[in-house]
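Okay, here's what each chain looks like letter by letter:
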Amino acid sequence: QVQLVESGGGLVQAGGSLRLSCAASASISSFNSMGWYRQAPGKQRELVATIENGSNTNYADSVKGRFTITRDNAKNTVYLQMNVLEPEDTAVYFCNANRMILAARVAFWGKGTLVTVSS
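Residues numbered from 1 in each chain as written. Predicted model: local features only at pLDDT ≥ 70, side-chain atom pairs only at ≥ 80, totals over all residues. Heavy atoms only, no water.

## Considering unusual backbone geometry
- Although it is not a glycine, Val84 adopts a positive phi angle of roughly 50 degrees.
- When you line up the elements, Val84 lands in the loop between strand 8 (77-82) and strand 9 (91-101).
- Phi is positive for Leu102, close to 50 degrees, though the residue is something other than glycine.
- Mapped onto the elements, Leu102 comes out in the loop between strand 9 and strand 10 (104-109).
- Look at Leu102 and you get exposed, because its relative accessible area is 82%. (Helix = DSSP H or I, 4+ residues; strand = E, 2+ residues; numbered from the N terminus. Buried < 20%, exposed > 50% of the residue type's maximum accessible area, 1.4 Å probe, protein only.)

Listed below in structure tokens is the structure:
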């Protein structure tokens, strides 16, 4: 069973920065894509950013230009650098990894890390 462990969340003032890390128990090269999602209180989980095995990236419009997703295959870790944070970015951030097995997509999730942005 693949385990994803997030870290790096915390309390930060608006305009500040945080870097989230997601450490995988398996080689991240074995995943077709990895990403970050977030869920704010009372809201549905939403996509923040994804990175494919070929390093193509995709971002939600709300974070473009402020967040950057990167991967370190040697450390089996994916990062989310978050700059110019806004109170609207407050949420639990979840790491996601996807693997295609027999034409079916299998998703793995971490337990999340809380990011709180104060105004």
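We are not done yet, so read on.
## A closer look at the nonpolar core
- One finds Leu4, Phe31, Met34, Trp36, Leu80, Met82 and Tyr93 to be the most contacted residues of the largest nonpolar core, which totals 32 residues.
- At the level of elements, strand 3 (18-24), strand 4 (33-39), strand 5 (46-52), strand 7 (67-72), strand 8, strand 9 and strand 11 (113-118) are the ones that each hand at least two residues to this core. (Core = buried A, V, L, I, M, F, W, Y, C linked by side-chain atoms within 4.5 Å.)

## Structural notes on the side chain of Asn96
- Within the secondary structure layout, Asn96 lies in strand 9.
- Using a relative accessible area of 2% as the deciding quantity, one classes Asn96 as buried.
- Here Asn98 takes part through its side chain, which lies 2.8 Å from a polar atom of the side chain of Asn96.
- Apart from residues lying up to four places away in sequence, Asn96 is in contact with Leu4, Ser33, Met34, Gly35, Tyr37, Ala107, Phe108 and Trp109. (Polar contact = N/O pair within 3.5 Å; in protein donor to acceptor, adjacent residues only side chain to side chain. Contact = heavy atoms within 4.5 Å.)

## Observations concerning the sheet that holds strand 1 (residues 4-7)
- Taken together, the four strands give an open sheet; going across it, the order is 1-3-8-7, and neighbouring strands pair in antiparallel fashion. The open sheet is flanked by strand 1 and strand 7, the only strands paired with a single partner. Direction aside, neighbouring strands of the sheet carry axes that sit 15 degrees apart on average. (Pairing = 2+ DSSP bridges. Axes fitted to C-alpha atoms, helices over the stretch in contact; angles between N-to-C directions.)

## Description of the environment of Ser30
- Along the polypeptide, Ser30 turns up in the loop between strand 3 and strand 4.
- By relative accessible area, Ser30 is classed as partly exposed at 31%.
- Taking the C-alpha atoms as reference, Ser30 lies 9.4 Å from Met100; in sequence the two are 70 residues apart.
- At 2.6 Å, the side chain of Ser30 and the backbone oxygen of Ser27 are in polar contact.
- In terms of polar contacts, Ser30 uses its side chain to reach the side chain of Arg99, at 2.6 Å.

## Quick notes on the pattern of salt bridges
- By the definition in use, this model includes five salt bridges.
- Across the salt bridge formed by Glu46 and Arg38, the nearest N and O atoms sit 2.7 Å from each other.
- With a shortest N-O distance of 2.9 Å, Arg38 and Asp89 are connected by a salt bridge. Pair noted here: Arg38 is in strand 4 and Asp89 is in the loop between strand 8 and strand 9, with a separation of 51 residues, a long-range link.
- Overlapping salt bridges, with partners in common, bring together Arg38, Glu46, Arg66, Glu86 and Asp89 in one network. (Salt bridge = Lys/Arg side-chain N within 4 Å of Asp/Glu carboxyl O.)

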